[in-house]
Structure formats: C-alpha cells, structure tokens
Amino acid sequence: MPELPEVETIRRGLEKYLLGISIADIEVRLIKMFEGKKEDIIDQKIVGVRRFGKGLVIDFENKKSMVAHVKMTGQFIYKGVQSFQNFHPQIGIANELPNKWTHIIFSLGNGDVLYYNDIRQFGWLKVCATDDVHSLTFFKNLGPEPFRDLTVEVFRNILQESKRPIKTLLMDQSKISGVGNIYANEALFKAGVHPASLSSEITNKKVKKLHDSLLEVLIQGLELGGASDVNYLNVDGKTGGFQHHFKVYRRDGKECFYCQSLIKRIVIGGRGTFYCPRCQKEKAAVVKKKK
DNA sequence: CATGGGTCCTGAGTGC
DNA sequence: TGCACTCAGGACCCAT
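Residues numbered from 1 in each chain as written. Chains lettered and ligands numbered in written order. Predicted model: local features only at pLDDT ≥ 70, side-chain atom pairs only at ≥ 80, totals over all residues. Heavy atoms only, no water.

Caption draft 1: Structural context of the overall build of chain A. Across its full length, chain A holds seven helices and 11 strands. The C-alpha radius of gyration computed for chain A amounts to 20 Å, which stays within 12% of the reference 19 Å derived for 291 residues, consistent with globular compactness. On the principal axes, the C-alpha backbone points of chain A span a range of 60 × 40 × 30 Å. Classification of the 291 residues of chain A by burial places 57% in the buried group. The long-range fraction of contacts in chain A, counting pairs at least 24 apart against all pairs at least 6 apart in sequence, stands at 64%. With the model as given, the accessible surface of chain A reaches about 13,200 Å², and the carbon-plus-sulfur share is 50%. Where the 45 positive side-chain charges of chain A centre and where its 32 negative ones centre are 8 Å apart. (Helix = DSSP H or I, 4+ residues; strand = E, 2+ residues; numbered from the N terminus. Rg over C-alpha atoms; globule rule 2.2 N^0.38 Å. Buried < 20%, exposed > 50% of the residue type's maximum accessible area, 1.4 Å probe, protein only. Contact = heavy atoms within 4.5 Å. Areas by Shrake-Rupley, 256 points an atom, 1.4 Å probe, with all protein chains shown as cover. Lys, Arg positive; Asp, Glu negative; His and termini not counted. Charge placed at Lys NZ, Arg CZ, Asp CG, Glu CD.)

Listed below in structure tokens is the structure:
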C-alpha cells in the first residue's frame, strides 16, 4: 500500500515526466474518481509536483492544481510514445495499458500518455485552486511530516497526549503524516515496541528509539523505491524493493529473523498488526487486544 | 473534542 | 472445474 516512501517515489516519477509540459486532454472513464473541472488544467503548463503525507499535488501555471490520493491500489503509469524506456520486461505494463482498471487517461501535450489505474477504486483525483489545496479535508488535517517537522520532541509530545495504542497513533494522519500499516509495523519491530503499548506510557528511551526506527524504515523504503506489497508500481511501471526486507509485516507464522520466535498477527484499530512476541515484549501498559 | 464502527470496492483465499 | 462466501484496507462520515 502506498505510504510515504511509495508516494514520494511516485511524486519523483511524475516530476521527472510532467514538469514543464501540459495536459492536452483528460478522459474520465469512472466519473466518481474525478472531481472538479478538467478544463481548468487542460493546456496549462505543469510547474510543480508536491507531496503532503500520502497526498499528491500537481500544480499548474494558472494557479490551479490537481490533487490525488492513490489509497491502496492506485497507480500513475507513464507511457512514452516515442520510446519504451519505461517498459518493464517482466510486467510489460506500459504496453498493456489501458486495461480494465484504467479509470483516467491523461493525453499529454508532448504526445505521451499518463494512466491512472485503480483496482479497488478507493483513490481520488480532484481539481481545485492551488490556494485551496490546504482547505481540502485530507490536506488540512495532516500532522507533521516525518522528514521535515517530526523532531523527537514533537514526537514525544504527540505520544504523551494519547492513551491509544501506539500502532494506531503512528497510522493516524492527523498526528503524523505519511505512515501506514507497513512502516508502522516495521518501525515498531525495529524499536522493540509492542504495537498495543499505550502511547503515553512508552518510556523516554523507547520513544527516542521508535522515532529513530520510524525514520530509518521510511528512508530504507524510499531508497528501495517503496514496497510493492500488492499493487504498487512506480510511474515507470516498476515494482519497489522494500517488500523483500519486511521483518514482520505479513510474516505471521514465520520465524523472527533475530530470535526465531513465530511472528504473530493481531488486530489493532481494525487493522492487521504483525509483531514478534519476544523482540516486542508485552508490557503492563498494553491496551486490551481485540479478537 | 476524541474515539470507534461502518462504508466504499474487488481480487485472493477458503470450503465444499 | 466452479460457485458462494469472507476478508483486507485508507480515509471519510456519522454516532457516541
């Protein structure tokens, strides 16, 4: 599922291909996925591609923007007409597009094409004034950016104010932006913190360790081009590599790489949660588990 | 205000 | 083989 490292990888791909060019036409095949007036951005030069948490913002020269959230299964795939430089031999996706999951097709001013595919149709795209981006529901409720605003002190304050399980807190976009299920699980393992631990009762030492671990797994994910857990592909139609480095995520029933205990799966906040019962010790300050 | 549950949707997985 | 059924999951919306 695209989280900060995956969305940032997508952003870089979009920036690489779209900066300085324009969109000649937009074909919306699934009406509900596209809000706003597409005429507002057609034939306007793209001047920036930004990311806030898991949200993307494409800015146009006329002070309009197209914002997008790919949720779990959304993909932006670029297909160059002049060359097949982004054709992936294993996936071959650039050649197979559009397919039954292609919901939006951007015909670009240079003759190339950008596809938006989304199997589960949870993603969305909308056009608005650039000045209004941060008034949108998703963007106005975002917490600090891990690589920019999330100092240890800020992180500690966020944890101290909450009695929720730490796993739930890490994934709360209004508290910290960009972290989802994969990186929350992996960061907690790396820090040796049980995912059900009460946020406010985690020791200072562990808070520092968790902060470091979170940034480390996000950086590792970014360096590997993200995690292609289910459907994630970058703008070139290629998979990331972080899925080969999961220590706990989706490894329930398998041995911990460090202590050989069996990785467990529980549900916290309605989401699958994976941890090593030995490396991430149960503590007194653990929220009651569900199911 | 904070929190928890239902909802959207479809492919994968399970049981017979 | 195939059918019926259940489940996962990010953010939003609503109820408490």
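Okay, back to it.
Caption draft 2: A look at the sheet that holds strand β4 (residues 55–60). Pairing is mixed in the open sheet, where five strands are placed in the order β2-β9-β5-β4-β3. One side of each edge strand has no neighbouring strand; the edge strands of this open sheet are β2 (34–35) and β3 (46–52). Sheet topology note: the β3/β4 ladder contains six bridges and is antiparallel. Within β4, the position partnered with glycine 48 by the bridge is aspartate 59. (Pairing = 2+ DSSP bridges.)

Caption draft 3: Examining the side chain of glutamine 75 more closely. Mapped onto the elements, glutamine 75 comes out in strand β6 (residues 74–79). Among the polar contacts made by the side chain of glutamine 75, one reaches the main-chain carbonyl oxygen of asparagine 231 at a distance of 2.6 Å. (Polar contact = N/O pair within 3.5 Å; in protein donor to acceptor, adjacent residues only side chain to side chain.)

Caption draft 4: Expanded view of the protein's contact with DNA strand C. Neighbouring DNA strand C are 17 residues, the closest being His69, Arg120, Gln173, Arg271 and Gly272. Each atom of DNA strand C within 4 Å of the protein was classed as base or backbone; sugar and phosphate made up 57%. Arginine 271 places a side-chain nitrogen or oxygen 2.6 Å from a base nitrogen of DNA strand C. Breaking the surface near DNA strand C down by element, the ones donating at least two residues are α3 (137–140) and β11 (271–275). Looking at the surface near DNA strand C residue by residue, the classes come out as six nonpolar, five polar and six charged. (Near = heavy atom within 4 Å. Nonpolar A, V, L, I, M, F, W, Y, C, P; charged D, E, K, R; others polar.)

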